[in-house]
Amino acid sequence: MTVDVLHQVFSRYGIVEKIVTFQKTAVVQALVQYSAQQEAIHARNTVQGRNVYDGCCTLDIQFSNLSELQVQFNNDRTRDYTNAALPTEPGVPFYGDNGNMHVPYQQMPLGGAAAAAAMFGGVLPPGITGVNDRSTLIVSNLNAERMDADKLFNLFSNYGNIMRIKFLHNKPDHALVQMGDGLQAELAVHFLKGAMVFGKKMEVNYSKHSQINLSSDAHDYSASTLNRFNRNVSKNLKYCCAPTKMIHVSSLSNDCTQADISAYLGEHGQVVEVKVFEANGKKQALVLFENVEEATEALTCKHATPFQGQTIRLAFSKSTSL
């Protein structure tokens, strides 16, 4: 799948200005920028769910929250159709419209830092490189009596999609966690290393294993609808942060009260304050705990659990006050 193929598909519905492609696991993804919003809407409504080739390459199209694509090179992976003077690769000088020679900034190839930065709207968070290509993590110093695969899923799914989880037989306080890609794994290492969970300081590092093979003792979450990054990837990435005292709760029932939430989550620590509100017509809440460890336990245990007829979702919030 190249930018030329994508341009051939999408240029039927408007003026395509820029295309950026990148690889996520085994899937090619792309960002396509039109000259007008209405053209993008028309393309999405027309092409969604159709195949590029007969019987394959089914398109799943979502609107991006990026307002402008940053394209450095014109090649088979990225293309700025409004600037034919761009070079084909890093370090190759080119001449602008004024005749002056330009030497592009030396950067990682697309699929590394450039693609990662694009997912965050152009700027990577402090401490994140975007160039890690290892997606499997080794998690150690777990509370073996209280931690299980579903609870690890609840915690690590804050930073990406979970493919598989496997606890080690000879080390019950160790587990392997396979994330959706290298960027998601890097986020999990960066934000969860040293987190206190069930009274233990968790260690998170990259594993020597490239993946977790399917087996009777491996828990497969690759098709789980509870994975948070199946949609709105850029939005979810921007919300990533280290564990905090504040938990955001969504998918609440319409008649849920502050007292209900406090009682349900209060099993895991001292709830200081609860604020219930509506956003986009859906009831949500912010819950402030006494400390980070209690909030982390509540999220680890209660994310994706049934509550008043709804499967609620919990995430760490960057908000510092209600």
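Residues numbered from 1 in each chain as written. Predicted model: local features only at pLDDT ≥ 70, side-chain atom pairs only at ≥ 80, totals over all residues. Heavy atoms only, no water.

Caption draft 1: Broad picture of the packing of helix H4 (residues 149–156) against helix H8 (residues 292–302). Taken N-terminus to C-terminus, the directions of H4 and H8 make an angle of 120°; their axes are 7 Å apart at the nearest point. Taken together, the axes of H4 and H8 are oblique relative to one another. Once H4 is placed against H8, the crossing between them reads as right-handed. Contact residues: H4 offers Lys151, Asn154 and Leu155, while H8 offers Thr296, Leu299, Thr300 and Cys301. Grouping the amino acids of the contact of H4 with H8 by side-chain chemistry returns three nonpolar, three polar and one charged. (Axes fitted to C-alpha atoms, helices over the stretch in contact; angles between N-to-C directions. Helix = DSSP H or I, 4+ residues; strand = E, 2+ residues; numbered from the N terminus. Parallel < 35°, antiparallel > 145°, perpendicular 65-115°, else oblique. Left-handed = near helix turned anticlockwise from the far one by under 90°. Contact = heavy atoms within 4.5 Å. Nonpolar A, V, L, I, M, F, W, Y, C, P; charged D, E, K, R; others polar.)

Caption draft 2: Inspection of the sheet that holds strand E17 (residues 282–289) at higher detail. Taken in spatial order, the four strands make up an open sheet running E16-E17-E15-E20, and their pairing is antiparallel. Looking at which strands have only one partner, the edges of the open sheet turn out to be strand E16 (271–279) and strand E20 (313–316). Strand-to-strand twist in this sheet, taken as the mean axis angle between neighbours without regard to direction, amounts to 20°. Here eight bridges tie E16 to E17, and the two strands are oriented antiparallel to one another. Residue pairing in the sheet places alanine 279 in a bridge with lysine 282 of E17. Of the strands in this sheet, strand E15 (246–250), E16, E17 and E20 are in contact with helix H7 (residues 258–265), which crosses E16 at around 130°. (Pairing = 2+ DSSP bridges.)

Caption draft 3: Expanded view of unusual backbone geometry. The phi torsion at phenylalanine 198 lies on the positive side, around 55°, for a residue other than glycine. Relative to the helices and strands, phenylalanine 198 is located in the loop between strand E11 (196–197) and strand E12 (200–201). On the accessibility criterion, phenylalanine 198 (6% relative accessible area) is buried. Not every positive phi belongs to a glycine, and glutamine 308 is a case in point at roughly 55°. With respect to the element layout, glutamine 308 can be found in the loop between strand E18 (306–307) and strand E19 (310–311). (Buried < 20%, exposed > 50% of the residue type's maximum accessible area, 1.4 Å probe, protein only.)

Caption draft 4: Expanded view of the nonpolar core. Among the nonpolar cores identified, the biggest contains 56 residues, and Phe156 and Met202 are the most heavily contacted of them. With seven residues, the single largest contributor to this core is helix H5 (residues 182–192). When near neighbours in sequence (up to four residues on either side) are disregarded, methionine 202 contacts Val139, Ser140, Asn141, Leu142, Leu155, Phe156, Leu192, Lys193, Gly194, Ala195 and Val197. Counting residues in hydrophobic clusters, the runner-up holds 12 residues, among them Val3, Val9, Ile19 and Ile61. (Core = buried A, V, L, I, M, F, W, Y, C linked by side-chain atoms within 4.5 Å.)

Caption draft 5: Expanded view of H4. Most of H4 sits out of view: six of its eight residues are buried. Among all positions of H4, only Ala149, Leu152, Phe153, Asn154, Leu155 and Phe156 are buried. The residue sitting at the N-terminus of H4 and contributing the capping side-chain oxygen is aspartate 148; that oxygen lies 3.2 Å from the backbone nitrogen of aspartate 150. (Polar contact = N/O pair within 3.5 Å; in protein donor to acceptor, adjacent residues only side chain to side chain.)

Caption draft 6: Looking closely at the layout of surface pockets. In this structure, the largest pocket encloses a volume near 1,600 Å³. In terms of lining, the largest pocket is formed by 46 residues, of which the most central are Ala30, Leu31, Asp60, Ile61 and Gln62. The element best represented in the lining of the largest pocket is strand E2 (residues 27–34), accounting for eight residues. For the lining of the largest pocket, the per-class residue count stands at 25 nonpolar, 15 polar and six charged. Computed from the structure, the second largest pocket encloses a volume of approximately 1,000 Å³. Within the residue set of the lining of the second largest pocket, elements represented by two or more residues are helix H6 (233–238), E15, E16, E17 and E20. Tallying contributions element by element places E20 first for the lining of the second largest pocket, with four residues. A per-class count over the lining of the second largest pocket returns 10 nonpolar, 12 polar and six charged. (1 Å grid on protein atoms, 1.4 Å probe; cavity = no way out; pocket = protein on both sides within 12 Å on 5 of 7 lines; lining within 4 Å. Points joined across faces, edges and corners; volume = space filled by probe spheres on them.)

Caption draft 7: Region of the structure containing the sheet that holds strand E13 (residues 203–206). The strand order across the open sheet formed by five strands is E13-E8-E10-E9-E14, and the pairing between neighbours is antiparallel. Lying at the two open borders of the sheet, with one neighbouring strand each, are E13 and strand E14 (218–220). Going from strand to strand, the sheet's axes swing by 20° on average, the running direction of each strand aside. As judged from the three bridges shared by strand E9 (residues 162–167) and E14, these two strands associate in the antiparallel manner. If you follow lysine 166 over to E14, its bridge partner there is alanine 218.

Don't take any of this as a statement about function, it's just geometry.
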